[in-house]
Every structure is written in structure tokens, then in C-alpha cells.
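# Close look at the chain arrangement
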Amino acid sequence: MPTFRVAGKMFLTLPDDETSMAVRCPKEERGELVLAEPEKFWVADHEASFAWVRVRLAALDDADELRAIVVDSWRQAAPPRLLKDHPGLASPA
């Protein structure tokens, strides 16, 4: 399963079937996200105790939404020095 990392920390995995991806998501926000858009997001049983959420790729609206999800996950894993070096990715406006 391909994994994507920043500074050694995973921020995205792509399961073999390539119909979904797992991204970082704070546990305290995850439940609300899944309830708001269950057609897009869910929590895999084996990831329930971790800060991850699954994303159904076909349910995303467009490439901009995909980019926003990936960048948000990257932000959560990136160390402060990288956030500083990439201010366009550091935080939402």
C-alpha cells in the first residue's frame, strides 16, 4: 500500500483498490466530518483509535477538494520548520 510521508510521518495512504485514501484527521473533528458527509468520509474499524479518516475518491467534488484534503493532512504531519518554509501550505486563509 503506497504511503506518503513528510519528515518521516505518514500523512496519506492509498489502499490497493485505489478507490479511497486515508488521511490524518483529529479524532475530535472526525465524528462530525463523517456525520456531515458520510458519502465521502468514514472511519475504518482498524483505524478507530487513531487520528485517521477514509475518503471515497469518487465522492469528491473536484480536484480542488482533493488538494485541500491532502494539504490539510500534510499540515497535520509537517514539522514547524516545513510549515514556515511553505507558507502557502502552512494554514488556511
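Attention here is on the structure that accompanies the text. These numbers come from a predicted model, not from an experiment. (Residues numbered from 1 in each chain as written. Predicted model: local features only at pLDDT ≥ 70, side-chain atom pairs only at ≥ 80, totals over all residues. Heavy atoms only, no water.)

## Brief notes about the side chain of R30
Here R30 lies in helix α1 (residues 27-36). Among buried Asp, Glu, Lys and Arg side chains, R30 stands out as unpaired, with E47 the closest opposite charge at 6.9 Å. Aside from chain neighbours lying at most four places away, what touches R30 is C25, V43, E47, A48, F50, A51, W52 and V53. (Helix = DSSP H or I, 4+ residues; strand = E, 2+ residues; numbered from the N terminus. Buried < 20%, exposed > 50% of the residue type's maximum accessible area, 1.4 Å probe, protein only. Lys, Arg positive; Asp, Glu negative; His and termini not counted. Salt bridge = Lys/Arg side-chain N within 4 Å of Asp/Glu carboxyl O. Contact = heavy atoms within 4.5 Å.)

## Description of the nonpolar core
Membership of the largest hydrophobic core comes to 16 residues, with the highest contact counts inside it found for V6, F11, M21, V23, V55, I69 and W74. With 3 residues, the top contributor of residues to this core is helix α2 (residues 63-77). The contacts of V23, once residues within four sequence positions are left out, are F11, L12, A51, W52, V53, V55, I69 and S73. (Core = buried A, V, L, I, M, F, W, Y, C linked by side-chain atoms within 4.5 Å.)

## Details of the pairing of strand β5 (residues 52-56)
Within β5, 4 of the 5 residues are buried, which leaves it mostly tucked inside the rest of the structure. Relative to β5, strand β3 (residues 20-24) is paired through 5 bridges, and the arrangement is antiparallel. Bridging from a neighbouring strand, M21 pairs with V55 of β5. Sheet analysis places strand β4 (residues 41-42) next to β5, joined by 2 bridges and oriented antiparallel. Bridge pairing in β5 links W42 to R54. (Pairing = 2+ DSSP bridges.)

## Points about the pairing of strand β1 (residues 3-6)
Examined bridge by bridge, β1 and strand β2 (residues 9-13) share 4 bridges and lie antiparallel to one another. Bridge pairing in β2 places T3 opposite T13. Between β1 and β2, which follow one another and run antiparallel, lie 2 residues, and A7 among them has a positive phi close to 50°.

## Quick notes on the side chain of S73
When you line up the elements, S73 lands in helix α2. The exposure class of S73 is buried, given its relative accessible area of 0%. For S73, the side chain forms a polar contact with the main-chain nitrogen of R24, separated by 2.9 Å. (Polar contact = N/O pair within 3.5 Å; in protein donor to acceptor, adjacent residues only side chain to side chain.)

## Notes on the pattern of salt bridges
Pairing of side chains with opposite charge becomes possible as their charged atoms draw close. Tallied over the full model, the rule gives 5 salt bridges. Between R54 and E47 there is a salt bridge whose closest N-O contact spans 2.8 Å. The same class applies to R54 as to E47, namely buried. Three or more residues joined by partner-sharing salt bridges are found here, namely E37, K40, D61 and E65.

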